[in-house]
Amino acid sequence: MDLTALRSANPEHWAKAAAIRGLTLDAVAAANSGHSGMPIGMADVATVLFEKHMKFDVTAPQWPDRDRFILSAGHGSMLIYSLLYLMGDAQVTEAQIKNFRQMGALTAGHPENFLLDAVENTSGPLGQGISNAVGFAMAEEIQRAQYGRKIVDHNTYVIAGDGCLMEGISQEAIGIAGRHSLGKLIVLWDDNNITIDGTVELSDKTNQVQRFKASGWHVQEIDGHDPMAIDAAIEAAKKSKKPSMIACKTHIALGHAAQDTSKGHGALTDADQLKAAKEAYGCPAEAFAVPADVKSAWEAIGRRGGADRTAWEGRFAEVSQQKQDRFNRAYAFEAPKKLASVVRALKKQASEEQPKVATRKASEMALSVINPVMPETVGGSADLTGSNNTKTDDLGMFDTNNRKGRYVYWGIREHGMAAAMNGMALHGGIRPYGGTFFCFTDYARPSMRLAALSKIPTVFVMTHDSIGVGEDGPTHQPVEHLAICRATPNTYVFRPADVVETAEAWEIALSSKETPSVIALTRQGLPTVRTEHKMNNLTAQGGYVLAEAENKRQIILIATGSEVSLAMEAKAKLEAEGIGTRVVSMPCMELFLAQDEAYRRKVLPAGPVRVGIEAAMRDGGWDRLLMGERGQEKKSGFVGMTSFGASAPAGELFEKFGITADAATAKAKELIG
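What you see is a predicted model, and the numbers here were worked out from it, not measured in a lab.

Trainee: Help me understand the overall build of the protein chain in this model?
Mentor: Counting secondary structure elements, the protein chain contains 28 helices and 18 strands. Since a compact globule built from 673 residues should have a radius of gyration of about 26 Å, the 28 Å found for the protein chain is in line with a globular shape. With the C-alpha coordinates aligned to their principal axes, the bounding extent of the protein chain is approximately 95 × 55 × 45 Å. Counting across all 673 residues of the protein chain, residues that qualify as buried make up 62%. Within the protein chain, contacts between residues at least 6 apart in sequence are counted, and of these 79% link residues at least 24 apart. Taken as two groups, the 73 positive and 79 negative side-chain charges of the protein chain have centres that lie 5 Å from each other.

In structure tokens form, the structure reads like this:
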């Protein structure tokens, strides 16, 4: 590649792009780790994007109507860090650049949304960023329909690499985007034909251009080092009513000795090669040095969006106070005051009428009163709407002709659904929830983990939560999934026992600001166990005494979900024999373990035998409940699963695997001798 020709063709552009390249080389060399090639190769694209197109104000990186920039190829994090430093971001100082990838630095190895205000999403796992971006674009469409173009009118730009497009989730994402004609979504593909192992041809021969076209996208192919071609392509993409993919043919590690090789993907730290590359770019020899005129030009780019922001603030001030309050509340993840009152009313009705329904139906009952008072909720299902019970009559279907619709038919795309929901939450102003069968957390898992890591309150509705699935058999019966979800940091895992606990779980999930929720729900009908109405949300305590011992307390039965009613049956049997038994319902272990020690000891005092009852594996928090937090409870037992399930009617399965009131009674009596 003739760098001299590139420099002379557009010297002002080249100098700005070269600053990105030089900072990348210096930061990666200082850290002795990182990924140099992508930021160097995509510096021209990023420069044109931010200089000519991005509606972005570096002094207010979170103003709601900004354009969103998603770095899907998150390993190339020095691209975004260089941009932010050059534009004058208050958080990304020279010291942060110099401490790239070091302990305590905001400039982590991969971009983290919770560390930097200007970073839209946590990226790194390839394919996640482009999939998040679909949710960003959908959120923009929904909010534009709700508030009008004067308040919501922005684009979502993505830089994605070959690896992002190889990951299977990317096909789920581009299929969704094409189906819904998300014209505000523009993907800039870093088409450099290099992966860690070597050239793309080692593992793939997909024609990506045809693939995107087949999925309903507007596609262009350009030279990714030609600023005029980049500018024209982005301009054309913004005019398309389809989502756009711009294939930017680039050279990884442009101008470095490792250009166009797999070595160029990673850390380029050789001192002589670094020096030669910086000379070729026209960068100062001194590490981290940027010419004053170049820094000044970049800072002007960073402030360019200030006029747009000021104009937007004026327009926003003109809308009704009610709309302003609703908009600001939704962006702050503040639940409306009506949420608590409608949940309390449903709880009271359930305690009085005592219906026997599956908790998936109880969830629908809760959503039927919640969705009308929370216009920011957006629901959906991965092709299981009738089974997940996630659709309520007031939502309407999100579609190309109904952007006000708040229900998304995601298709059989659990992973893509979860990632796009994360994107909606990250965009702001939307409370997304979506459903599938609990066993298919296996497909959604990477996105569920990133929700927890990213500190966003996405709600994952997981129905058919045990061997109670019945005849569909072990492939569809989740036995280890509760443990997996509970093992994930910063995640609430709810397994409610009836309508009352289900409504309470929803209230907590939709009031959370930084923690995602997994709501595990039954297929089979369950009796109401909360027959006495309580104003307080007892599920918020995680676990509580549902029924106190009538005789001298010798046993504590701890149960979740469908097994709480079994615990109540076992209690009746034990009390009939004079054995005092307390029943503790434990709808959310995480919340219980977060309570103060005095409360935990009050609910689970030392002394009585403890028996856990759950149609799942014992792993995942049960030992802390059964053995005591210091491991002092010597007499404890567990009634649950120790293997995969089987195909048979649900009632027969509970008998076969010994998850019954009789089994719990026998286990308790055995332990007390």
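Trainee: Would you explain the sheet that holds strand E3 (residues 185–191) in this entry?
Mentor: Sheet strands pair by backbone hydrogen bonding; their relative direction is either parallel or antiparallel. Reading across the sheet, the 5 strands line up as E1-E2-E3-E5-E4 and stay open at both edges, with parallel pairing between neighbours. At either end of the open sheet lies a strand with only one pairing partner, and these are strand E1 (68–71) and strand E4 (218–223). Averaged over all neighbouring strand pairs, the angle between strand axes comes to 20 degrees, with direction disregarded. One ladder, built from 6 bridges, connects strand E2 (residues 156–161) with E3; its direction is parallel. Note on E3: the bridge partner recorded for Val 158 is Val 187.

Trainee: Explanation requested: helix H23 (residues 563–576) in the structure shown.
Mentor: For an α-helix, 3.6 residues make a turn, and residues three or four places apart therefore share a direction. A rise of 1.5 Å per residue sets the reference length of H23, with its 14 residues, at 20 Å; its end C-alpha atoms lie 20 Å apart and thus fit the reference within 8%. Along H23, the positions that sit buried rather than exposed are Glu 563, Val 564, Ser 565, Leu 566, Ala 567, Ala 570, Lys 571, Leu 574 and Glu 575. The inward-facing, buried residues of H23 abut strand E14 (544–547), strand E15 (553–559), strand E16 (580–585), strand E17 (609–613), helix H27 (650–656) and helix H28 (661–672). Gly 578, located one to two residues past H23, shows a positive phi value of around 80 degrees.

Trainee: In this structure, what is going on with the sheet that holds E15? I would like to understand it.
Mentor: The strand order across the open sheet formed by 5 strands is E14-E16-E15-E17-E18, and the pairing between neighbours is mixed. The sheet is open, and its two edges are formed by E14 and strand E18 (636–639), each paired on a single side. Taken pair by pair, the neighbouring strands of this sheet meet at an average axis angle of 30 degrees, ignoring direction. Taken together, the 5 bridges between E15 and E17 define a ladder with parallel strand orientation. Its bridge partner being in E17, Ala 559 is matched across the sheet by Ile 613.

Trainee: Even after reading the chapter, I still don't get the packing of helix H17 (residues 359–370) against helix H22 (residues 499–509), so can you show me in this structure?
Mentor: Think of two packed helices as two axes; the pair is described by the angle between the axes and how far apart they sit. Following both chains from N to C, one finds H17 and H22 inclined at 50 degrees, their axes separated by 9 Å at the closest point. As summarised for this structure, H17 and H22 are arranged oblique, according to the angle between their axes. The hand of the H17/H22 crossing is right-handed. Residues Thr 359, Ala 362, Ser 363, Met 365, Ala 366, Leu 367 and Ile 370 of H17 form the contact with H22, whose own contacting residues are Val 499, Thr 502, Ala 503 and Trp 506. In terms of residue class, the contact of H17 with H22 is made up of 8 nonpolar, 3 polar and no charged.

Trainee: Just checking my understanding: could you explain the nonpolar core for this structure?
Mentor: Generally speaking, soluble globular proteins have nonpolar side chains that are buried together. Formed by 107 residues in total, the largest nonpolar core has its most connected members in Phe 50, Leu 185 and Trp 298. Ranked by residues supplied to this core, first place goes to helix H5 (residues 78–87) with 9 residues. One finds Ile 556, Phe 592, Tyr 599 and Trp 622 within the second-largest nonpolar core, a separate group that totals 36 residues.

Trainee: So what exactly am I meant to see when it comes to the layout of surface pockets here?
Mentor: The gaps of empty space that remain are located by a probe, the size of a water molecule, rolled over the atoms. Roughly 500 Å³ of internal volume is contained in the largest pocket. Lining the largest pocket are 23 residues; nearest its centre among them are Gln 62, Asn 113, Phe 333, Ala 425 and Leu 426. For the lining of the largest pocket, the element with the most residues is helix H19 (residues 414–427), which contributes 3 residues. Its residues assigned to classes, the lining of the largest pocket shows 10 nonpolar, 6 polar and 7 charged.

What counts, and at which threshold
- Residues numbered from 1 in each chain as written.
- Predicted model: local features only at pLDDT ≥ 70, side-chain atom pairs only at ≥ 80, totals over all residues.
- Heavy atoms only, no water.
- Helix = DSSP H or I, 4+ residues; strand = E, 2+ residues; numbered from the N terminus.
- Rg over C-alpha atoms; globule rule 2.2 N^0.38 Å.
- Buried < 20%, exposed > 50% of the residue type's maximum accessible area, 1.4 Å probe, protein only.
- Contact = heavy atoms within 4.5 Å.
- Lys, Arg positive; Asp, Glu negative; His and termini not counted.
- Charge placed at Lys NZ, Arg CZ, Asp CG, Glu CD.
- Pairing = 2+ DSSP bridges.
- Axes fitted to C-alpha atoms, helices over the stretch in contact; angles between N-to-C directions.
- Expected span 1.5 Å × (residues − 1).
- Parallel < 35°, antiparallel > 145°, perpendicular 65-115°, else oblique.
- Left-handed = near helix turned anticlockwise from the far one by under 90°.
- Nonpolar A, V, L, I, M, F, W, Y, C, P; charged D, E, K, R; others polar.
- Core = buried A, V, L, I, M, F, W, Y, C linked by side-chain atoms within 4.5 Å.
- 1 Å grid on protein atoms, 1.4 Å probe; cavity = no way out; pocket = protein on both sides within 12 Å on 5 of 7 lines; lining within 4 Å.
- Points joined across faces, edges and corners; volume = space filled by probe spheres on them.

Treat this as a map of the structure, not an account of what it does.
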